[in-house]
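Report on the structure
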Amino acid sequence: MGPIWPSYYSECSALLFVVDASNPTQVSSSCIQLLSVLSAKPLASVPVLVLFNKIDLPCYMSLAEMKSLFRMQDIVSCATQPITMLEISARDGTGLAEVLQWLRAALREPG
Ligand SMILES: Nc1nc2c(ncn2[C@@H]2O[C@H](COP(=O)(O)OP(=O)(O)OP(=O)(O)O)[C@@H](O)[C@H]2O)c(=O)[nH]1
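Every residue gets a number counted from 1 within its own chain, in the order that chain's sequence is written. At least 70 in pLDDT is required for a residue's local features to be given in this predicted model, at least 80 for side-chain atom pairs to be given and counted, and no such filter applies to totals for whole chains, interfaces and linings, which use all residues. Processing note: side-chain calculations cover all non-hydrogen atoms of the structure and skip hydrogens and water entirely.

1. Side note on the overall build of the protein chain
The test is simple: Runs of H or I in DSSP of at least four residues are treated as helices and runs of E of at least two as strands, each being numbered from the N terminus. This radius of gyration counts C-alpha atoms alone. The globule rule is 2.2 Å times how many residues there are, raised to the power 0.38. Only protein chains enter the accessibility calculation, which uses a 1.4 Å probe; a residue whose area is less than 20% of its type maximum is buried, one above 50% is exposed, and one in between is partly exposed. Here, two residues are considered to be in contact whenever any of their heavy atoms come within 4.5 Å of each other. Using a 1.4 Å probe, accessible areas were evaluated by the Shrake-Rupley method; residue-level cover was limited to the displayed protein chains. His residues and chain termini do not enter the charge count, which takes Lys and Arg as positive and Asp and Glu as negative. Just so you know, the charge point we use is NZ for Lys, CZ for Arg, CG for Asp and CD for Glu.
Helices and strands together make up the secondary structure of the protein chain, namely four helices and three strands. Shown N-terminal to C-terminal, the secondary structure of the protein chain runs as helices and strands in the order β-α-β-α-α-β-α. The C-alpha atoms of the protein chain give a radius of gyration of 14 Å, which matches the 13 Å a tight globule of 111 residues would have. Across its three principal directions, the C-alpha atoms of the protein chain cover 40 × 30 × 25 Å. A total of 111 residues make up the protein chain; the buried ones form 37% of that total. Long-range contacts, defined as pairs at least 24 residues apart, comprise 77% of the intrachain contacts of the protein chain with a sequence gap of at least 6. Accessible surface, the protein chain as shown: approximately 6,700 Å² in total, 58% of it carbon and sulfur. The average position of the 7 basic charges and that of the 9 acidic charges among the side chains of the protein chain differ by 5 Å.

2. Looking at the environment of S7
The condition is simple: Polar contact is defined as a pair of N or O atoms within 3.5 Å, subject to the rule that within protein one atom must be able to donate a hydrogen and the other to accept it, and that residues adjacent in sequence are counted only when both atoms are side-chain atoms.
Structurally, the position occupied by S7 is in the segment before β1 (15-20). Relative accessible area serves as the criterion here: at 53%, S7 is assigned to the exposed category. Through-space distance from the C-alpha of S7 to that of Q81 is 19 Å; in sequence the pair is 74 residues apart. Polar contacts involving the side chain of S7 include one to the main-chain carbonyl oxygen of I4, which spans 2.6 Å.

3. Description of the packing of aromatic side chains
To describe a pair of aromatic rings, one takes the distance between the centres and the angle between the planes. Quick reminder of the rule: In this analysis, rings of Phe, Tyr and Trp, with Trp reduced to its six-membered ring, are considered paired at centre separations within 6.5 Å, and the interplanar angle assigns stacked below 30 degrees, edge-to-face beyond 60, and tilted for intermediate values.
Inspection of the entire model under this criterion finds two aromatic pairs. With 6.3 Å between their ring centres and 85 degrees between their planes, W5 and F17 make a pair best called edge-to-face. Of this pair, W5 sits in the segment before β1 while F17 sits in strand β1, placing them twelve residues apart in sequence. Look at W5 and you get partly exposed, because its relative accessible area is 28%.

4. Quick word on the nonpolar core
Quick reminder of the rule: Joining through side-chain atoms within 4.5 Å is the link that ties buried Ala, Val, Leu, Ile, Met, Phe, Trp, Tyr and Cys residues into a set, and such a set is a nonpolar core.
Ranked by internal contacts, the top residues of the largest apolar core, which has 24 residues, are L34, V50, F52, M66, F70 and I83. With five residues, the top contributor of residues to this core is helix α1 (residues 27-38). In this view, L34 contacts F17, V50, F70, M72 and I75; residues no more than four positions away in its chain are not counted. Membership of the second largest hydrophobic core comes to eight residues, among which are A14, L51, I88 and V99.

5. Some remarks on the site of the ligand
So the rule is basically this: Whether a residue is near a molecule or strand depends on its heavy atoms: it is near if one of them lies within 4 Å of it. Gly falls in the polar group here, along with every residue not listed as nonpolar (Ala, Val, Leu, Ile, Met, Phe, Trp, Tyr, Cys, Pro) or charged (Asp, Glu, Lys, Arg).
Close to the ligand lie N53, K54, D56, L57, S89, A90 and R91. Taking S89, its side chain carries an N or O atom lying 3.4 Å from an oxygen atom of the ligand. Contacts to the ligand include R91, whose side-chain N or O atom sits 3.0 Å from an oxygen atom. A total of 640 Å² of accessible area belongs to the ligand in isolation, and the protein chains cover 39% of it. Taken together, the residues of the shell around the ligand sort by class into two nonpolar, two polar and three charged.

Below is the structure:
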C-alpha cells in the first residue's frame, strides 16, 4: 500500500504508523517507510504516533529492542514532527485507550 500513501498526505492531521513488533524481519523495511513518511513535506508538522503492535504474541520484541533497531532516538531528534511511541495489541486491546487519548489530543491541537 506504501506507493499510494502520499495521495492522503495533504488531508492528514495526525499519523499512526503501525509496526508489526512480532516480526523482526520487517524492521528494516518498516524503518525505511517511516523515514520516507517523516520526510514528506505535507507531513512536516503532523504529529506521529508509532505503534508497536501484536505485543500479545510470545515472540514480540521489547519496545527497547525495537527502538534500538529502528534507531528511534536518532529518528526522533532529526524529525520535524512530534513523535510518540506506544506498545499495543489490536487483538486484545492493550494500549488502545492510550491511542485514543493521543488521537484526541493530536486532533485538538493541530500542528
Ligand atoms: N496476535 C495479533 N494479531 C494481530 C494483531 N493485529 C492484527 N493481527 C492480525 O494480523 C493479521 C494482519 O492484520 P491486518 O489488519 O490485515 O494488517 P495488515 O497490515 O493489512 O497486514 P499485512 O498483511 O501484514 O500487511 C490479521 O490476521 C490480524 O488478525 C495483534 O495485535 N495481535
